[in-house]
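Chain by chain, the residues:
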Amino acid sequence: MRYVRWLFSGTEIASPLANTGLALLRVFAGLSLALAHGIGKLPPSERFIEGVARMGFPLAEWFAWAAGLAEFAGGFLLAAGLMTRPASVFIIITMAVAAFIRHADDPFSMKEKALLFGVVALAFLLIGSGKYGLDAILRRRANKSHTS
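The residue numbers shown here count from 1 along each chain, following its written sequence. Side-chain atom pairs in this predicted model are given and counted only at pLDDT of 80 or more, local residue features only at pLDDT of at least 70, and totals for whole chains, interfaces and linings cover all residues. To get the side-chain values, take all heavy atoms of the structure and skip hydrogens and water.

Engineer: Sorry if this is basic, but what is going on with the packing of aromatic side chains here?
Structural biologist: Two aromatic rings are characterised by how far apart their centres lie and by the angle between their planes. To pair, rings of Phe, Tyr and Trp, with the six-membered ring standing in for Trp, must have centres within 6.5 Å; the planes then decide the type, stacked if under 30 degrees apart, edge-to-face if over 60, and tilted in the middle. Applying the stated criterion to the full structure yields 3 aromatic pairs. Summarising the aromatic geometry, the rings of Trp62 and Phe63 are spaced 4.9 Å apart at their centres and angled 85° between planes, so their arrangement reads as edge-to-face. Throughout, exposure labels follow a simple rule: accessible area from a 1.4 Å probe, protein chains only, divided by the maximum for the residue type, with under 20% read as buried, over 50% as exposed, and the rest as partly exposed. On the basis of relative accessibility, which here comes to 54%, the residue Trp62 falls in the exposed class. With a centroid separation of 5.1 Å and an interplanar angle of 90°, the aromatic rings of Phe72 and Phe76 are classed as edge-to-face. In this pair, Phe72 and Phe76 are both assigned in helix H4 (residues 60–80), 4 residues apart and thus about one turn of the helix distant. Chaining the aromatic ring pairs together yields one cluster made of Phe57, Trp62 and Phe63. A run of H or I in DSSP counts as a helix once it spans at least four residues, and a run of E counts as a strand once it spans at least two, with each numbered from the N terminus.

What follows is the structure in structure tokens.
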């Protein structure tokens, strides 16, 4: 039960404006990640799989699928505020690989986008979905069922 609680947990913030800001950031970042980056990696192209193999990953096709799904499905989960924390973990891992392995020798401007998505995901890993995500709805329902 403790793990289920973690899946849908979040920090309650009293300010409606702060919650609105979190929701806007979550939805924009999640949809941007899913639709501008993840959708193009599914199914993984041969070129993408070869790039994953060149980074030294075994089972390159499997890791290419994992990266594409982390960006696409993880982005949609982040946007919806559903399983925000687990989705954020997968996004952070994928963005760390992009920034520090794929673009390791590139200038900062090539790493910036991956780092930005990674830091946004880190913030939502720490905060949770906020008041206006699906996690909050599920959390409120779970709390009602425990008190009834």
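Now that the structure has been shown, we can carry on.
Engineer: Where do I start with the environment of Gly51 in this structure?
Structural biologist: In this structure, Gly51 sits in helix H3 (residues 46–54). Each C-alpha atom, one on Gly51 and one on Arg102, is 8.5 Å from the other, the two residues being 51 residues apart in sequence.

Engineer: Looking at this structure, I do not really get a nonpolar patch on the surface. What am I missing?
Structural biologist: A cluster of nonpolar side chains, contributed by Val27, Leu31, Leu35, Ile39 and Phe76, occupies part of the molecular surface with about 380 Å² of accessible area. Ranked by the residues each element gives to the nonpolar patch, the list is headed by helix H2 (residues 16–38), at 3 residues. Residues qualify for a patch when their relative accessible area is over 30% and they have no salt bridge, like charges being joined within 9 Å and the nonpolar side chains of Val, Leu, Ile, Met, Phe, Trp and Tyr within 5 Å. All accessible areas in this document rest on Shrake-Rupley with a 1.4 Å probe, and a residue is counted as covered only by the protein chains that are shown. By definition, a salt bridge exists where a carboxyl oxygen of Asp or Glu is found within 4 Å of a side-chain nitrogen of Lys or Arg.

So yeah, pure geometry; function would need other evidence.
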